[in-house]
Every structure is written in structure tokens, then in C-alpha cells.
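Each chain, letter by letter, is given below.
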Amino acid sequence: MTHSDNRPGADGGDAFVAAFRAAGADYLFCSSGSEWAPVWESLARRHRDGDPAPTYLDLTHETVAVGMATGYGLLARRPQGVLLHAAPGLLQGSMAVHGALLAGVPMVVASSESTTYGDGDGQDPGGQWYRNLSIVGGPHHVAQPFTKWANEAAGIHTLPTMITRAAELAWRAPAGPAYLNVPLEILLEEWDGREAKPVVPPGATHSSPEEVDPVARMIREAENPVIVTETAGREAGGFEALLAFAEAWQIPVVEPDSAVCANFPRTHPLHAGSDIGPWMDEADLILLVNCRAPFYPPSRKPSKAKIVVIDQVPQRPHIVYQVLFADVYLEGNVANTLRQLAKRAKDLDEAAVSSRRAAQAERHTAEGEAIAAAEAKAAAATKTAAGSGAVAETKTTAGSGAGGGVDPVLVAATLRELLAGRDGIVVDETITHSRVVKRHLRTDAPDSYFYVQGGLGQGIAVALGVKLAAGERPVVLTVGDGAFTYNPVIQSYDAARSYDLPVLIVIFNNRVYKSMNLNHRRFYPEGAAAETGEWLGTDLHRLPRLAAFAEPFGMHTETVDTADALTPALERALKAVAQGTTAVVDVLVTR
Ligand SMILES: Cc1ncc(C[n+]2csc(CCOP(=O)(O)OP(=O)(O)O)c2C)c(N)n1
Ligand SMILES: [Mg+2]
């Protein structure tokens, strides 16, 4: 083992930075580890010399690094770099990497191993790699099940093009995270300083006219067609293309509860809500547009509808079990396919179109009335409860105990009113309130809504990443009290403050893991817990005031337990956000 001083000039760290720059990464999201010294050195040198590099973000938790890359990628739709530490950092970040896989967000995640353990000729990697940080099989084997592709850059000569390859793989449909193990020894190795060739975007794919024409014919001949989509809006131009397609053919659009982004304006007359149920027997044509899991249980087959699947990669390799019942696949780029189909909307059967337009108008009016009725009921119920003090649940350590709590419907409806005309973006990490959030927020613009994918605890980071990409657009995170508690709150707030990313966090605080308690009750309606009231595993009344954790960061905080206090509190919070401060509004909800 020989020791030598740090070499001046280019090494693997510099090759790494150059390759990410060539891949078009705007950001390197880093949760630290000793392997990144060569990258930090390269960045310091580039900053000193005025040489270009992706913007580097120092983050203090792996979930924050990956979650922010996810949020940013949801809008940017191009691969970014994520730097984690060895196997442990990868393991800590793995839940969020899995979330990025589910969300279809491209990124290149890198971490290290040692290949010499101090017995090589080069610099000493440090004994921690020998004793603590290695994992049998290498970290790329750990990453394999929750990434699109995972491998090792085993030499300095292949490192830059391995990063290019990982980025190109991550970018292509279905987009997702690729993982690269870059051994520390490679990062420290001398490099010839060649700048990598810029990576160009993937080429376009189109379904052929021979494939599209028969589908246009099927649509023309259908009397009661319906579009069902989970993620059409995730594609660049997908939201607009779906809108044009649905309008051209006058086909209603269902966004089932499994829809995880804004796909179609929720206020549009052709928006047909979230329930595919009535269509299972009535529709004669179902157009599944980026809809990976339309039917539940998966064996529940529509009784008479033909099924057209419009999806660039319908069989998602990461989904374990998937049943689509397709009669036809159109596997060109989804936005392109929708545009091709919209162009073919000619010679429509006017009688069929007007009868389905009338049926949809009825549905749309009924849904609008139901939403208004739910909001009126929520307002009335909350007033009654507050007046009588009937909601005992709020008298906890979490709140002042003065109010009766706020109906969650009111929270979502108030947010909608306050965000109107502001081009806001909602990131949602609620569980039992997620339907309420979607239904009453009624987002109607592209990239205006994202549901956090994968395990709980990434919401704040994803919202920060969205804010990083969204510029002036206000970003709101709606989050359950349980989900909030899974977040690395301190580290996320640190990122929000350090990088000037003000967001509004609204906690739907019911003091319980309600979803899991409901499952317990469903599985054992007359069980011992129901008899004795001993509901294990789900109670959160013991938690202190959740907004308080933002106070050391100088953020704006509110705790709301009456309906009357809600609007002023949210207004103050939004004002604070507009002035550049993250605001946390903990709303004690009635259920
Ligand atoms: C990382 C992770 N751990 C555990 C779970 C299991 N889980 C699903 S829902 C839930 C409770 C969420 O509570 P909250 O956010 O308060 O929403 P509520 O159920 O009250 O609507 C938990 C713990 C999970 N989804 N992810
Ligand atoms: Mg809860």
C-alpha cells in the first residue's frame, strides 16, 4: 500500500462530473459519503475555474436526495444524478428509489464499494470500507430489484460511457432509475480529461397508420366508449394530447383512484370521475391510456367491451402481476398515438355521439352537485361539531382542544379556493384522504397534481424537488399525520431552507393511522380488539404538535382545530410561502 498526496488534475471524480454534465443532468442530489471526495474536488475546481458543472445539492438524508430527484424529474422528465453512500446509503435511499421506479422518473443513482480494501497500490480508501461498508455481491445487486438496470463501472475507461448508458436507459420508456456502482478506487484513478459527448434525447416512436386506422374504426363504431388513464399526463404533451383526443371523439375520461398525476382537467365536462365500476358492464370500448392496473381484482373482466391499450410499454417489467385483457395494443409514444387518433376523428356517428354526450353531461352535473353537497355538508357538520364540542378526539396533546376539528372535505375545498388562478401544484401523500384531495381540489392543468409513489415518508422531499423545477408556481404538500411522521422532517426542512424552496405543507391530522385501523376492523369486525377497544399499531395521539418541528427552522407554523380558523390560517401560510418561507399548517381533521 503506498500513500500519495492528492493528484492535481483530472481523475475519476472529474470524469463522473463531466459525464453527468454531458447527460444533461441539471442537478446532482447528494447524500454524503466518503467516496464523493473526488466529485467534490472536481466541483470545487470547476467552480474555482469557472468551468461548467451540474448544480450540486448537499442533502442530509438519502430519502431527501432521491425524493427531490423524483420531484424534479416529474416535471423535467430528464435524468438527474443522485449520489448515495456505499451499500448503507443505497439501502437507506432504496424506498425512495423504488418510489421513482413506480413513478416512472428517470435518474441515475450512484454509490460505491471498495475493490482493494486498502491492499492496492493507490490511495487508501479507508478501513471503514473493509470493516463496515461492503455488501456481498456488491451494491448493484442490492439495487437490481428496484431499479430498471443496475451495474458496476469497473474501470476508469468505461466510467463516463457507463454513466451515459445508465442515463440513456433511465430516460427511455418506461422511464425510471438506473443504478451504477462506482468503486472509490475508480473515482480516484487518473483520467485523461476527455469531455464526454453530450447525450441527446431518445428518438420518437409512433404506431404505424396500419395499426392506428383500425383503432379509429373501432372508436367510430363504438356507441359507449370510455378512456381510462392513470398516467397519460406523465408523458411530455400527454395531458394536452389526451384532452384533444377526448374532445375530438367526445369520449368521457375516467381517472381511477390509481391515477397518480394530473391527466385531464377535473373540471372538464368530459371528466367522468374515478369510478370505472359502471363502465365494466356498459362500455363497449375501453381505451386504456397509460393504465397499468385498470381492473380490480385483476380477474374482473369487462363484460362486453373491446379493450385497446395505448401505452409505450404496456407490460411494465417491474410489476409482479398485471392483467390488461387487451384486444389491441398501440405501443408508440402515447402523446403521438393520441394525436394520430385525434386527427382521425371524422365522420362520427352523430346520433351515438350526442347520446353519449348527454349521458356524460348528466354524469358531470351529478358529480358537480355531489361535490358541492359534500362541501356544504362538511361545512354544516363542522359547525355543529364545533358548537357542541362533540368531537372528543381533538382534545389531545396535539391540539389546543378548543375546537371540534375540521372536516377534511373543507380542507381540500378551501385549498382549491385559495389556489384558484395561481397555477399551483399539489403533491399528495395522504392515505384515507387522498380521494377527498383529488375530488375537491379539482386540479385542471398539466403537472398540477402528483401522488407520491412507494412507501411513506418521501412527500416533503418530492414536494421540494417539484418546487425546484416549478419556479414561481406555488407547491402544496398534503400529507397525513402518519405519513408526515415517516418523513425525514429535519433533513427535508434543512433542504427547503438551504436551497430557498418554500412550500406549503398541510397535514391532515386525524391522530391515527386510519387506513390500517380500518383494515383491522374489516378483517376482524367482531374480534377481540373490537370487543375491548384495544386497537394496536395505529394510534398517534401521543405525538407532540406536528407544526412545532418547523419552528427551529424559522418557518411559518399554524395549528388549526376549527373550521373558522382554517381559511385565515391557510391564507397566512400561503402569504409566507409567497414571501419565501416554508409554512406548515397542521389541521386537526374530524376523521
Ligand atoms: C414506509 C412505510 N411504512 C409503513 C407503511 C404502511 N402504512 C400504510 S398507510 C399507513 C398509515 C398512514 O397514516 P396517515 O398518514 O395518518 O394516513 P391515514 O391512514 O390516517 O389516512 C401506514 C403506516 C407504508 N405505506 N410505508
Ligand atoms: Mg392519520
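Under an unreviewed UniProt entry, the name given to the protein chain is Thiamine pyrophosphate-binding protein, and the organism recorded is Streptomyces ziwulingensis. Taken verbatim from the UniProt record of the protein chain, the Sequence similarities (unreviewed entry) comment is "Belongs to the TPP enzyme family."

Draft legend 1. The arrangement of helix α9 (residues 209-221) in detail. The end-to-end C-alpha separation of α9 is 18 Å, in line with the 18 Å expected for 13 residues at 1.5 Å each. Within α9, burial applies to Val 212, Val 215 and Ile 219. Relative to the axis of α9, the buried residues are bounded by an arc of 65° and lie together on one face. Pointing more than 90 degrees away from the buried face of α9 are the exposed residues Pro 209, Glu 210 and Arg 217. Buried positions along α9 lie against β7 (225-229), α10 (238-249), β9 (285-289), β10 (306-310), β11 (328-330) and α12 (334-343).

Draft legend 2. Region of the structure containing the confidence of the model for the protein chain. For the protein chain, the mean per-residue pLDDT works out to 94, and 95% of the residues sit at or above 70. Across residues 1-7 the pLDDT falls below 50, and counting only partners more than four positions away or on other chains, this stretch makes 8 contacts in the model. In this model, residues 387-401 is a region of pLDDT below 50 whose contacts with residues beyond four sequence positions or in other chains number 32 contacts.

Draft legend 3. Structural view of the sheet that holds strand β3 (residues 80-83). In space, the 6 strands of this open sheet follow the order β2-β1-β3-β4-β6-β5, with parallel pairing throughout. Two strands close off the open sheet at either side, each with one partner strand: β2 (55-59) and β5 (149-152). Neighbour-to-neighbour, the strand axes of the sheet open up by a mean angle of 20°, direction not taken into account. Sheet topology note: the strand β1 (residues 27-31)/β2 ladder contains 5 bridges and is parallel.

Draft legend 4. Quick peek at the environment of Ile 163. When you line up the elements, Ile 163 lands in helix α7 (residues 159-171). Using a count of 29 C-beta atoms within 10 Å as the deciding quantity, one classes Ile 163 as buried. Along the chain, Ile 163 and Pro 252 lie 89 residues apart, while their C-alpha atoms are 43 Å from each other. If we ignore the near neighbours within four places in the chain, the residues touching Ile 163 are Phe 16, Ala 19, Phe 20, Ala 23, Val 108 and Leu 180.

Basis of the calculations
Residues numbered from 1 in each chain as written. Chains lettered and ligands numbered in written order. Predicted model: local features only at pLDDT ≥ 70, side-chain atom pairs only at ≥ 80, totals over all residues. UniProt positions renumbered as here; feature names shortened; annotations may be inferred. Helix = DSSP H or I, 4+ residues; strand = E, 2+ residues; numbered from the N terminus. Expected span 1.5 Å × (residues − 1). Buried ≥ 20, exposed ≤ 12 C-beta atoms within 10 Å, placed from the backbone. Arc of directions from axis to C-beta. Contact = placed C-beta atoms within 7 Å. pLDDT = per-residue confidence, 0-100. Pairing = 2+ DSSP bridges. Axes fitted to C-alpha atoms, helices over the stretch in contact; angles between N-to-C directions.

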